[in-house]
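# Observations on chain architecture
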Amino acid sequence: METKYLTQNEIETAAAILREGGLVGIPTETVYGLGANGLDTKAVADIFTAKGRPQDNPLILHIPDADWLGRYCRDIPDTAYELARCFWPGPLTMVLPRRDNVPDVVTAGLDTVGMRCPGHALCREIIALAGVPVAAPSGNTSGRPSPTTAQHMLEDMDGRIHAIVDGGPCGVGVESTIIDLTCTPPRLLRPGGVTLEQLRQVLDEVEVDAAVTRQMKAGEKPKAPGMAYRHYAPKAPVTVVAGDPYRSAAYIADHAVAGDGVICFDEYISLFPEQAGQGYVAGLGRAVDKEEQARHIFDALRGFDHTAVTAIWAQCPDTGGIGLAVANRLNKAAGFHIVEV
Ligand code: TXA
Ligand code: MG
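One structure accompanies this document, and this report is about it. Since we're looking at a predicted model, the values are computed, not measured.

Following the criterion strictly, the structure yields one aromatic pair and no others. Sitting above the plane of the Trp-68 ring, Arg-71 keeps its charged end 4.1 Å from the centroid.

So, about the site of ligand 1. Near ligand 1 you find 28 residues, and of these Thr-30, Asn-57, His-62, Ser-176 and Gly-226 are the closest. Here an oxygen atom of ligand 1 and a side-chain polar atom of Arg-116 are 2.9 Å apart. At 2.9 Å from an oxygen atom of ligand 1 is found a side-chain nitrogen or oxygen belonging to Ser-138. Protein contacts shield 97% of the accessible area of ligand 1, which totals 690 Å² for the unbound molecule. When contributions to the shell around ligand 1 are tallied by element, the ones reaching two or more residues are β4 (60–62), β6 (112–116) and β10 (187–190). For the shell around ligand 1, the element with the highest residue contribution is β6, accounting for four residues.

Time to look at the sheet that holds strand β14 (residues 281–283). Here five strands make up an open sheet; going across it, the order is β14-β13-β15-β12-β16 and the pairing parallel. Edge positions in the open sheet fall to β14 and β16 (338–340), since each of these has one partner strand only. Looking at each pair of strands side by side, their axes are set apart by 20° on average, direction ignored. Sheet topology places strand β12 (residues 238–242) next to strand β15 (residues 312–316); five bridges connect them, and they run parallel. When the sheet's bridge partners are listed, Val-241 is paired in β15 with Gln-315. Across the sheet, helix α12 (residues 323–333) lies against β12, β15 and β16, angled at about 160° from β15, the strand it touches most.

So, on to the environment of Ala-16. Here Ala-16 lies in helix α1 (residues 11–19). Between the C-alpha atom of Ala-16 and that of Ile-126, which follows or precedes it by 110 residues, the distance is 9.3 Å.

A few words on the packing of helix α11 (residues 290–303) against α12. Two numbers describe how α11 lies on α12: the axes approach to 9 Å, and their chain directions differ by 20°. One finds that α11 runs roughly parallel with respect to α12. Between α11 and α12 lies a crossing whose hand is left-handed. Along its contact with α11, which presents Lys-290, Gln-293, Ala-294, Ile-297, Phe-298 and Leu-301, the element α12 presents Gly-323, Val-326, Arg-329, Leu-330 and Ala-333. For the contact of α11 with α12, a count of residues per class yields seven nonpolar, two polar and two charged.

On to the side chain of Lys-332. On the secondary structure map, Lys-332 appears in helix α12. Notably, Lys-332 is buried but unbridged: the nearest opposite-charge side chain belongs to Asp-209, and the N-O separation is 9.4 Å. Among the polar contacts made by the side chain of Lys-332, one reaches the main-chain carbonyl oxygen of Met-227 at a distance of 2.7 Å.

Looking only at helix α9 (residues 245–255), the buried set comprises Ser-248, Ala-249 and Ile-252. Projected down its long axis, α9 shows its buried positions confined to an angular sector of 100°, all on one face. With respect to the buried face of α9, the exposed residues turned more than 90 degrees away are Tyr-246 and Asp-254. Check the buried side of α9 and you find it contacts β12, β13 (261–264) and β15. Of the residues that open α9, the one with a side-chain oxygen 3.1 Å from the backbone nitrogen of Tyr-246 is Asp-244.

Listed as buried for helix α4 (residues 78–87) are Ala-80, Leu-83, Ala-84 and Phe-87. Seen along its axis, α4 keeps its buried residues to an arc of 105°; they face one direction. Away from its buried face, by an angle of more than 90 degrees, α4 presents the exposed residues Asp-78 and Arg-85. Those residues of α4 that are buried lie in contact with β5 (92–97), β9 (177–180) and α8 (196–202).

Okay, the pattern of salt bridges next. Inspection of every chain in the model, using the stated rule, returns 17 salt bridges. Among the ionic pairs, Glu-155 bridges to Arg-302, the shortest N-O distance being 2.9 Å. Of the two residues, Glu-155 sits in helix α7 (residues 150–157) while Arg-302 sits in helix α11, which places them 147 residues apart along the sequence. Judged by relative accessible area, which is 1%, Arg-302 ranks as buried. Here Arg-329 ties to Glu-175 by a salt bridge, and the two come within 2.8 Å at their closest N and O atoms. Residue Arg-329 is located in helix α12, and its partner Glu-175 is located in the loop between β8 (163–165) and β9; the two are separated by 154 residues in the primary sequence.

Calculation rules
Residues numbered from 1 in each chain as written. Chains lettered and ligands numbered in written order. Predicted model: local features only at pLDDT ≥ 70, side-chain atom pairs only at ≥ 80, totals over all residues. Heavy atoms only, no water. Phe/Tyr/Trp six-rings, centres within 6.5 Å; stacked < 30°, edge-to-face > 60°. Lys NZ or Arg CZ within 6 Å of the ring centre and 35° of its normal. Near = heavy atom within 4 Å. Polar contact = N/O pair within 3.5 Å; in protein donor to acceptor, adjacent residues only side chain to side chain. Areas by Shrake-Rupley, 256 points an atom, 1.4 Å probe, with all protein chains shown as cover. Helix = DSSP H or I, 4+ residues; strand = E, 2+ residues; numbered from the N terminus. Pairing = 2+ DSSP bridges. Axes fitted to C-alpha atoms, helices over the stretch in contact; angles between N-to-C directions. Contact = heavy atoms within 4.5 Å. Parallel < 35°, antiparallel > 145°, perpendicular 65-115°, else oblique. Left-handed = near helix turned anticlockwise from the far one by under 90°. Nonpolar A, V, L, I, M, F, W, Y, C, P; charged D, E, K, R; others polar. Buried < 20%, exposed > 50% of the residue type's maximum accessible area, 1.4 Å probe, protein only. Lys, Arg positive; Asp, Glu negative; His and termini not counted. Salt bridge = Lys/Arg side-chain N within 4 Å of Asp/Glu carboxyl O. Arc of directions from axis to C-beta.

Pasting the structure below:
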């Protein structure tokens, strides 16, 4: 199929394609999503085919307004409405008990569903115009880094989807925070744009799922099925170097050889003249600016797939604030191959 490239002025076309059961790349504030009508079983099944996504990995439903929550979820706790008041529209997905009108193919048979009201105004307009909840995973081929521009999404999905709406580069750059509200205390399943510290200001207690910070053991199942997979992975193996930025930069400078890729904070780019000369250094942003790092992390990982690098070294921020999400994506890309310095 030919993938239509749509501008911000053509969202009615995008909405019509969604209504008719097609696949549309949609911009969100986190990453681009691969959207389909979440009530259309066939359209949702097509998402799995286009991405090569394992069938046991559920999708989240995107809605234009918190008022839609009750249409697809039941037994909604007050905390859900409180979180919606504080963080929606925005990068937070809540896992709640689902109603029977949510197709099994969306939830991979689970009796819960992830719900999100995106912070990207254009995205909410598309969903509102379509008039249906939009099921959307990140718009990458399964296993690859998530796309944060329309161009990145087209690298993976050109010819596999009916259209893509270019809403510019994503402002957050990592996927939404996922909080499971079906257990007590609520559990953080994936760190993202809404930080753990922010959640703890609203909820008395938040548990952090083990899959956020370590590799799952054989047979161990994370509560968010997607967290089990090796993810965000460029083709070359990644080693994460964690610790004080000055020391981690020095460690990488000691160990990286010509032909290796380096992901580092901007202050340290000058330590890698040889790799920089080959175009193999990706600056993440300044060491103190974790928001900037979040915006660049996937771009950096994805960029190396166009090069001949055979190994990648990455500096990693501490886990405060959105650093938890940046570190999680880097650690997963590295298959939790982490050196602490
Ligand atoms: O920011 C985002 O959330 C992006 C944009 C497009 O909205 N979407 C996204 O979707 O990251 P995806 O499919 O790439 O990641 C969704 C994650 C997966 O790890 C999946 O296993 C988990 O959410 N998930 C979905 N439904 C769930 C449920 N009912 N219970 C637990 N985990 C769930
Ligand atoms: Mg994804």
